[in-house]
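# Observations on the three-dimensional arrangement
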Amino acid sequence: MEQNKHIAEEELVVEQKHHEFLTENTDFEMRSLDATCFNESELQHPWWHNFKYAFVGLLFGILFVKAEVVSWFRIQEMFRLQSFHMYGIIGSAVVVGLISVLLIKKFKIKTIYGEPIEFVDKKFNKGQIYGGLLFGLGWAVTGACPGPLFAQIGSGATVIAVTLLSAIAGTWVYGKFREQLPH
């Protein structure tokens, strides 16, 4: 009994030191710690192991099409404040995410590799306002956000390939000039 208590105290001290370390580091340093023990992309798997990602992506796409999340008209209705449909879907996702985070924190759930899941408070800055406005503007103009792009292309709206290429180019430009941008 005493030994178990001692082990639990040691684990708590290690967890507290790890959390202090994470909160003291900058964003650049944090990105290098994204996968502390296991990096799924570096693990060697047989080629057929990737079918699980294709299957989940296919289900995700079907769900988006059936829920009309990929509909340009639904997205335009949202930005014109003419329909609650998209706000209901986004709001449901926020509620599910909130409940998930609360459960992970309360029960100290770990990853499938046994790593602790850490939530570190992030500082608010003006770059988030600029990024959000730019993202929203692009979403309103194109009628697509990054999630449904592939589902839109898969459902026959091949012109969205231009939006996909633009999103990839924008991500590359951000990565190239990230250090010069306001954060």
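Presented here is an overview of the structure given in this document. What you are looking at is a predicted structure, and each value in this text was computed from that prediction instead of being measured.

Thresholds, definitions, all that
Residues numbered from 1 in each chain as written. Predicted model: local features only at pLDDT ≥ 70, side-chain atom pairs only at ≥ 80, totals over all residues. Heavy atoms only, no water. Helix = DSSP H or I, 4+ residues; strand = E, 2+ residues; numbered from the N terminus. Contact = heavy atoms within 4.5 Å. Areas by Shrake-Rupley, 256 points an atom, 1.4 Å probe, with all protein chains shown as cover. Buried < 20%, exposed > 50% of the residue type's maximum accessible area, 1.4 Å probe, protein only. Patch = residues over 30% accessible without salt bridge, like charges linked within 9 Å, V, L, I, M, F, W, Y side chains within 5 Å. Salt bridge = Lys/Arg side-chain N within 4 Å of Asp/Glu carboxyl O. Axes fitted to C-alpha atoms, helices over the stretch in contact; angles between N-to-C directions. Parallel < 35°, antiparallel > 145°, perpendicular 65-115°, else oblique. Expected span 1.5 Å × (residues − 1). Arc of directions from axis to C-beta. Polar contact = N/O pair within 3.5 Å; in protein donor to acceptor, adjacent residues only side chain to side chain. Phe/Tyr/Trp six-rings, centres within 6.5 Å; stacked < 30°, edge-to-face > 60°.

Broken down by element type, the chain carries eight helices and zero strands. Going from N to C terminus, the chain has its helices and strands arranged as α-α-α-α-α-α-α-α. The long-range fraction of contacts in the chain, counting pairs at least 24 apart against all pairs at least 6 apart in sequence, stands at 48%. Taken as a whole, the chain presents about 14,600 Å² of accessible surface, with 67% of it coming from carbon and sulfur.

Turning to its location among the elements, Gln 76 is positioned in helix H4 (residues 72–79). Under the relative-accessibility criterion, Gln 76 is labelled buried at 9%. On a C-alpha basis, the gap between Gln 76 and Gly 143 in space is 6.7 Å, while along the polypeptide they are 67 residues apart. Excluding anything up to four places from it in sequence, Gln 76 contacts Ala 140 and Gly 143.

Turning our attention to a nonpolar patch on the surface. On the surface, Val 95, Ile 99, Leu 103, Phe 107, Ile 109, Ile 117 and Phe 119 cluster together into a nonpolar patch covering about 600 Å² of accessible area. With respect to the secondary-structure elements, Ile 99 resides in helix H5 (residues 85–107). Overall, the relative accessible area of 46% leaves Ile 99 in the partly exposed class.

A complete count under the given rule lists three salt bridges for this structure. Taking the shortest distance from any N to any O, the salt bridge between Glu 68 and Arg 74 comes out at 2.6 Å. The class of Glu 68 is partly exposed, set by a relative accessible area of 34%. Exposure remark for Arg 74: the relative accessible area of 23% places this residue in the partly exposed category. A salt bridge links Glu 179 to Arg 178; its shortest N-O distance comes to 3.7 Å.

This part is about the packing of H4 against H5. It is the contact of H4 with H5, at a shortest axis distance of 8 Å, that shows an interaxial angle of 90 degrees. One way to sum up the angle between H4 and H5 is to call them roughly perpendicular. Contacts between H4 and H5 involve Arg 74, Ile 75 and Met 78 from the first element and His 85, Met 86, Tyr 87 and Ile 90 from the second.

Let's shift gears to helix H6 (residues 126–142). Its 17 residues place the ends of H6 25 Å apart at the C-alpha level, agreeing with the 24 Å of an ideal helix rising 1.5 Å per residue. Residues of H6 that are buried: Gly 127, Gly 136 and Trp 139. Buried residues of H6, viewed axially, fall in a sector of 160 degrees; they line one side. Those residues of H6 that are exposed and angled more than 90 degrees off the buried face are Lys 126, Leu 133, Leu 134, Leu 137 and Val 141. Lining the buried residues of H6 we find H4 and H5. Where H6 starts, the residue carrying a side-chain oxygen 3.0 Å from the main-chain nitrogen of Gly 127 turns out to be Asn 125. Immediately downstream of H6, the backbone of Gly 143 shows phi near 75 degrees, a positive value.

Next up on the list: the packing of aromatic side chains. This model, assessed by the stated rule, comprises five aromatic pairs. Each ring, one from Phe 60 and one from Phe 64, has its centre 4.2 Å from the other, and the planes form 45 degrees; the classification is tilted. With a gap of four residues between them, Phe 60 and Phe 64 both fall in helix H3 (residues 51–66), about one helical turn apart. Note on Phe 60: relative accessible area 42%, which makes it partly exposed. Note on Phe 64: relative accessible area 14%, which makes it buried.

This part is about unusual backbone geometry. Although it is not a glycine, Glu 68 sits at a positive phi angle of roughly 60 degrees. Within the secondary structure, Glu 68 sits in the loop between H3 and H4. A positive phi is found at Leu 81, a non-glycine position, where the angle reads about 55 degrees. Within the secondary structure, Leu 81 is located in the loop between H4 and H5. Residue classification places Leu 81 among the exposed residues on the basis of a relative accessible area of 66%.

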